[in-house]
Amino acid sequence: MKPQTTETSTSSVLPRRSARAARPSPYLTPTETNALLHASLDSRLRRLEQADMMTTDEAAALLGTSRVTINAWIGKGRCIGLTQTKRGFKVPCWQFEPAVWAHVALIGQALGLSEGWALLNFFETPHGGLEGLTPRQALEQGQAERVLAVARTEGA
């Protein structure tokens, strides 16, 4: 049996602080979460209403195909389709420009993404690996190999 000592540790003398007070929670409060989700929804709805967005019917007419084909392309990651709060998709018309269209599916594969909002975010966010250009801008400037390299790195 171990003999008991009369020494008291410093921790038993000082008042205990709760671990919760010592470190702030890494989680958002329910109010903060709701505000973030509301802002995200508002942002997405505004993006869907911008002039460079079209319906799948409009995209089908532009490309001389059917809405069913456009929807199939969206499902396969061949086309960027953005979900709406209502039924159907909207698509950015700039993706049908030859310099971009030839690479949409390849970039999605390299990223490991097919979800439209995630793909749109990649295409429209400036990237340091592209000297601050967005991948869309870099594609329009003929830098497809650089964009694919960035996508492969991001998807890794």
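In this text the structure is predicted, and so the values were computed from the model without any measurement. (Residues numbered from 1 in each chain as written. Predicted model: local features only at pLDDT ≥ 70, side-chain atom pairs only at ≥ 80, totals over all residues. Heavy atoms only, no water.)

1. A short note on the overall build of the chain
Stage number 1. Assigned secondary structure in the chain consists of 10 helices and 3 strands.
Stage number 2. By the burial criterion, 31% of the 156 residues in the chain qualify as buried.
Stage number 3. Restricting to contacts in the chain with at least 6 residues of sequence separation, those with at least 24 account for 52%.
Stage number 4. If you sum the accessible surface of the chain, you get close to 10,700 Å²; carbon and sulfur atoms cover 55% of it. (Helix = DSSP H or I, 4+ residues; strand = E, 2+ residues; numbered from the N terminus. Buried < 20%, exposed > 50% of the residue type's maximum accessible area, 1.4 Å probe, protein only. Contact = heavy atoms within 4.5 Å. Areas by Shrake-Rupley, 256 points an atom, 1.4 Å probe, with all protein chains shown as cover.)

2. Structural notes on the pattern of salt bridges
Where charged atoms from two side chains of opposite charge approach closely, those side chains can pair.
Stage number 1. Overall, the coordinates contain 6 salt bridges when judged by the stated rule.
Stage number 2. Residue Lys90 pairs with Glu49 through a salt bridge whose shortest N-O separation is 3.9 Å. Of this pair, Lys90 sits in strand β3 (residues 89-92) while Glu49 is found in the loop between α3 (30-48) and β1 (53-55), placing the two residues 41 residues apart along the sequence.
Stage number 3. Bridged by salt links that share partners, the residues Arg47, Asp52 and Glu124 form one connected network. (Salt bridge = Lys/Arg side-chain N within 4 Å of Asp/Glu carboxyl O.)

3. So, the sheet that holds strand β2 (residues 82-83)
Stage number 1. Taken in spatial order, the 3 strands of this open sheet run β1-β3-β2, and their pairing is antiparallel. At either end of the open sheet lies a strand with only one pairing partner, and these are β1 and β2.
Stage number 2. Here β2 pairs with β3 via 2 bridges, running antiparallel. Bridge pairing in β3 places Thr83 opposite Phe89. (Pairing = 2+ DSSP bridges.)

4. Details of the packing of aromatic side chains
Stage number 1. Summed over all chains, the structure comprises 4 aromatic pairs.
Stage number 2. With centroids separated by 5.8 Å and ring planes inclined at 50 degrees, the aromatic side chains of Trp94 and Phe123 adopt a geometry described as tilted. Linking Trp94 in the loop between β3 and α6 (98-101) with Phe123 in helix α8 (residues 116-124), this pair joins segments that are 29 residues apart in sequence. For the pair Trp94 and Phe123, a shared accessibility class is recorded, and that class is buried.
Stage number 3. Taking the centre distance of 5.1 Å and the plane angle of 50 degrees together, the rings of Phe96 and Trp101 count as tilted.
Stage number 4. A residue is classified by how much of its surface remains accessible, and Trp101, at 17% relative accessible area, is buried. (Phe/Tyr/Trp six-rings, centres within 6.5 Å; stacked < 30°, edge-to-face > 60°.)

5. A closer look at the pairing of β3
In the case of a regular strand, side chains alternate between the two sheet surfaces.
Stage number 1. Two strands pair when backbone bridges link them, and β1 and β3 are joined in this way by 3 bridges, in the antiparallel orientation. Looking at β3, one finds that Met54 is bridged to Val91.

6. Examining the packing of helix α4 (residues 56-63) against helix α5 (residues 67-76)
Stage number 1. It is the contact of α4 with α5, at a shortest axis distance of 8 Å, that shows an interaxial angle of 105 degrees. Overall, the two elements α4 and α5 adopt an arrangement that is roughly perpendicular. For the pair α4 and α5, the contacting residues are Thr56, Asp57, Ala59, Ala60 and Leu63 in the first and Arg67, Ile70, Asn71, Trp73 and Ile74 in the second.
Stage number 2. Each residue belonging to the contact of α4 with α5 can be placed in one class, and the counts come to 6 nonpolar, 2 polar and 2 charged. (Axes fitted to C-alpha atoms, helices over the stretch in contact; angles between N-to-C directions. Parallel < 35°, antiparallel > 145°, perpendicular 65-115°, else oblique. Nonpolar A, V, L, I, M, F, W, Y, C, P; charged D, E, K, R; others polar.)

7. A short note on the side chain of Asp52
Stage number 1. With respect to the helices and strands, the residue Asp52 is situated in the loop between α3 and β1.
Stage number 2. A polar side-chain atom of Asp52 sits 2.7 Å from a polar atom in the side chain of Arg47.
Stage number 3. Excluding anything up to four places from it in sequence, Asp52 contacts Arg47, Val91, Pro92, Cys93, Trp94, Glu124 and Arg136. (Polar contact = N/O pair within 3.5 Å; in protein donor to acceptor, adjacent residues only side chain to side chain.)

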